[in-house]
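Results of the structural survey
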Amino acid sequence: MSTPFVTLDLHFLGTPRAIAAYLIPHREGVLLVESGPGSTTEALRRGLEAHGYALEKVTDVLLTHIHLDHAGAAGFLARHGARIHVHPRGAPHMAAPERLLASARRIYGDQMDRLWGEFLPVPEAQLHVPQDEEPIRIGEHTFVPLDTPGHARHHFAYFWPEQGVLFTGDVGGVRLPGVRHMRLPMPPPEFHLEQWRASLQRLRALPARWVVPTHFGPFDDVAWHWNRLEALLDDIEALLTRVMPQEPDEPTMRRLLDQWVAGWNQRDGVDQALHQAYEAANPTWMSAAGVLRYWHKFRT
Ligand SMILES: [Zn+2]
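Residues numbered from 1 in each chain as written. Predicted model: local features only at pLDDT ≥ 70, side-chain atom pairs only at ≥ 80, totals over all residues. Heavy atoms only, no water.

1. Some remarks on the packing of aromatic side chains
Within this structure, the stated rule accounts for twelve aromatic pairs. When the centroid spacing of 5.2 Å and the interplanar angle of 15° are considered together, the rings of F12 and W116 count as stacked. Of this pair, F12 sits in the loop between β1 (6-9) and β2 (20-26) while W116 sits in helix α6 (residues 112-116); the two residues are 104 residues apart in sequence, bridging distant segments of the chain. Between F156 and Y158 the ring centres are 5.9 Å apart and the planes differ by 65°, which places this aromatic pair in the edge-to-face class. Taking the relative accessible area as the measure of exposure, F156 reaches 1% and is therefore buried. Ring-pair connections join several aromatic residues into one group, and the members of that group are F191, W196, Y294, W295 and F298. (Phe/Tyr/Trp six-rings, centres within 6.5 Å; stacked < 30°, edge-to-face > 60°. Helix = DSSP H or I, 4+ residues; strand = E, 2+ residues; numbered from the N terminus. Buried < 20%, exposed > 50% of the residue type's maximum accessible area, 1.4 Å probe, protein only.)

2. Here we look at the pattern of salt bridges
Here the structure, examined in full by the defined rule, presents 16 salt bridges. R27 is the salt-bridge partner of E28, the closest N and O atoms lying 3.6 Å from each other. Taken as a pair, E28 and R27 share a single burial class, namely exposed. Where E133 meets R202, a salt bridge forms, and the shortest distance between an N and an O atom there is 2.6 Å. Placement of the pair is E133 in the loop between β6 (127-128) and β7 (136-138) and R202 in helix α7 (residues 193-204), with a sequence separation of 69 residues. Residue classification places E133 among the partly exposed positions, given a relative accessible area of 48%. Note on R202: relative accessible area 25%, which makes it partly exposed. Via salt bridges that share partners, E194, R197, D234, E237 and R299 belong to a single interconnected network. (Salt bridge = Lys/Arg side-chain N within 4 Å of Asp/Glu carboxyl O.)

3. Overview of a positive patch on the surface
Together, R89, R153, R293 and K297 line one region of the surface with positive charge. Secondary-structure assignment places R293 in helix α11 (residues 284-298). (Patch = residues over 30% accessible without salt bridge, like charges linked within 9 Å, V, L, I, M, F, W, Y side chains within 5 Å. Areas by Shrake-Rupley, 256 points an atom, 1.4 Å probe, with all protein chains shown as cover. Lys, Arg positive; Asp, Glu negative; His and termini not counted. Charge placed at Lys NZ, Arg CZ, Asp CG, Glu CD.)

4. A word on the nonpolar core
The tendency in soluble globular proteins is for nonpolar side chains to be buried as a group. Counting 64 residues, the largest nonpolar core has L32, L48, L77, I84, M94 and F167 as the members making the most contacts within it. Not counting residues within four places of it along the chain, the set of residues in contact with L48 comprises L8, L23, V30, L32, Y53, L55 and V58. Listed in part, the 38 residues of the second largest apolar core include W196, L240, V291 and W295. (Core = buried A, V, L, I, M, F, W, Y, C linked by side-chain atoms within 4.5 Å. Contact = heavy atoms within 4.5 Å.)

5. A look at the coordination of the zinc ion
Here the zinc ion is held by the protein donor atoms H65 (NE2), H67 (ND1), H151 (NE2) and D170 (OD), which lie 2.1 to 2.3 Å from it. Given four donor atoms and angles of 86 to 174° at the metal, the environment of the zinc ion is assigned as irregular. (Donors = N, O, S within 2.8 Å, 3.2 Å for Na, K, Ca; no water. Tetrahedral: all angles 85-135°; square planar, octahedral: opposite > 155°, others 65-115°.)

6. Details of the sheet that holds β1
Across a sheet, strands are paired by hydrogen bonds formed along the backbone, either parallel or antiparallel in direction. One open sheet accounts for six strands, arranged β1-β2-β3-β4-β5-β6; its pairing is mixed. With partners counted over all chains shown, the strands left at the sheet margins are β1 and β6, one partner each. Two elements, β1 and β2, share four bridges in a ladder whose sense is antiparallel. Bridging across to β2, L8 finds its partner in A21. (Pairing = 2+ DSSP bridges.)

7. A closer look at α7
Across its twelve residues, α7 extends 16 Å between first and last C-alpha, which sits within 8% of the 16 Å expected from 1.5 Å per residue. By the burial criterion, the buried members of α7 are L193, W196, S199, L200 and L203. Buried residues of α7, seen end-on, are gathered within an arc of 115° and therefore sit on one face of the element. (Expected span 1.5 Å × (residues − 1). Arc of directions from axis to C-beta.)

8. Looking at helix α9 (residues 250-268)
Given 3.6 residues per turn, any residue in an α-helix points the same way as the ones three and four places further on. Over its 19 residues, α9 extends 27 Å from the first C-alpha to the last, a length consistent with the 27 Å expected when each residue adds 1.5 Å. Every buried residue belonging to α9 is among M253, L256, L257, W260, V261, W264, N265 and D268, and all of these are buried. Of the surrounding secondary structure, the elements contacted by the buried residues of α9 are α8 (222-243), α10 (272-281) and α11.

9. Structural notes on the packing of α7 against α8
Two numbers describe how α7 lies on α8: the axes approach to 11 Å, and their chain directions differ by 165°. One way to sum up the angle between α7 and α8 is to call them roughly antiparallel. By crossing handedness, the relation of α7 to α8 is classed as left-handed. Here α7 contributes L193, E194, W196, R197, L200, Q201, L203 and R204 to the contact with α8, which in turn contributes W226, N227, L229, E230, L233, D234, I236 and E237. Residues belonging to the contact of α7 with α8 are distributed by class as follows: eight nonpolar, two polar and six charged. (Axes fitted to C-alpha atoms, helices over the stretch in contact; angles between N-to-C directions. Parallel < 35°, antiparallel > 145°, perpendicular 65-115°, else oblique. Left-handed = near helix turned anticlockwise from the far one by under 90°. Nonpolar A, V, L, I, M, F, W, Y, C, P; charged D, E, K, R; others polar.)

10. Here's the deal with the environment of V222
Checked against the element boundaries, V222 lands in helix α8. Distance from V222 to A78, taken between C-alpha atoms, is 33 Å for residues 144 residues apart in sequence. In this structure V222 touches A208, R209, W210 and V211, once residues within four positions along its chain are discounted.

Shown next, in the form of structure tokens:
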């Protein structure tokens, strides 16, 4: 079954099928779901050109959230004329990204530029900030933004009702092509288990034929997808309930999460190459800080 959109592989850090942007033609040009990071603008340009489109043809970009791997090139696309759609909590950071970039630099240090490239601000006149469920009309298409916290509070999923396509950003989990497997991206500072469960219920209720995470690609086994996401939320909650009374520090939590991931790898038959691709898309070490922060703030 072919999809009503094109998957552009941005080859993040030379890794295939780690970060996608999705291309949808419409009667006035093309739109993208996600811009990808500032470090992959050349791959984005080549991907567009391979389908016959110059950068200037991109009229609109739907950002699921403002993490650098999803939104880093939005300012670059705005310079080429695109309108940028973003969650109300993310919009101020797209117009003035200094604080966002400072906090990213604290996490990534001197790897910042190599990983993420340049993050240009989006002029306010080119930002569109819809409310939850406020339809976005682009050409002949309509998309419905759904406020879906859990991974980040500035997160929208986008449902495309006429095609039954649901773009899930990161709140639908990280799932790469290959053997059936999924990871939970739980970064600081906004990973939140109960909010994620509520978002899952909301997404699961939609009549989606395709679930489309940014990492990576469309999946049509929708029931499996939601069941696995729920199982991972249950399993991480069980793990945290068990280990947090011992007050693990961050290195200990990294080890515990590495073991947790290794258990799922074994169960699913994930080999080392696929594991490395998952780590490129969603490093496990980042989730250690995320789960500790969540637990200390909301569960103790
Ligand atoms: Zn994210």
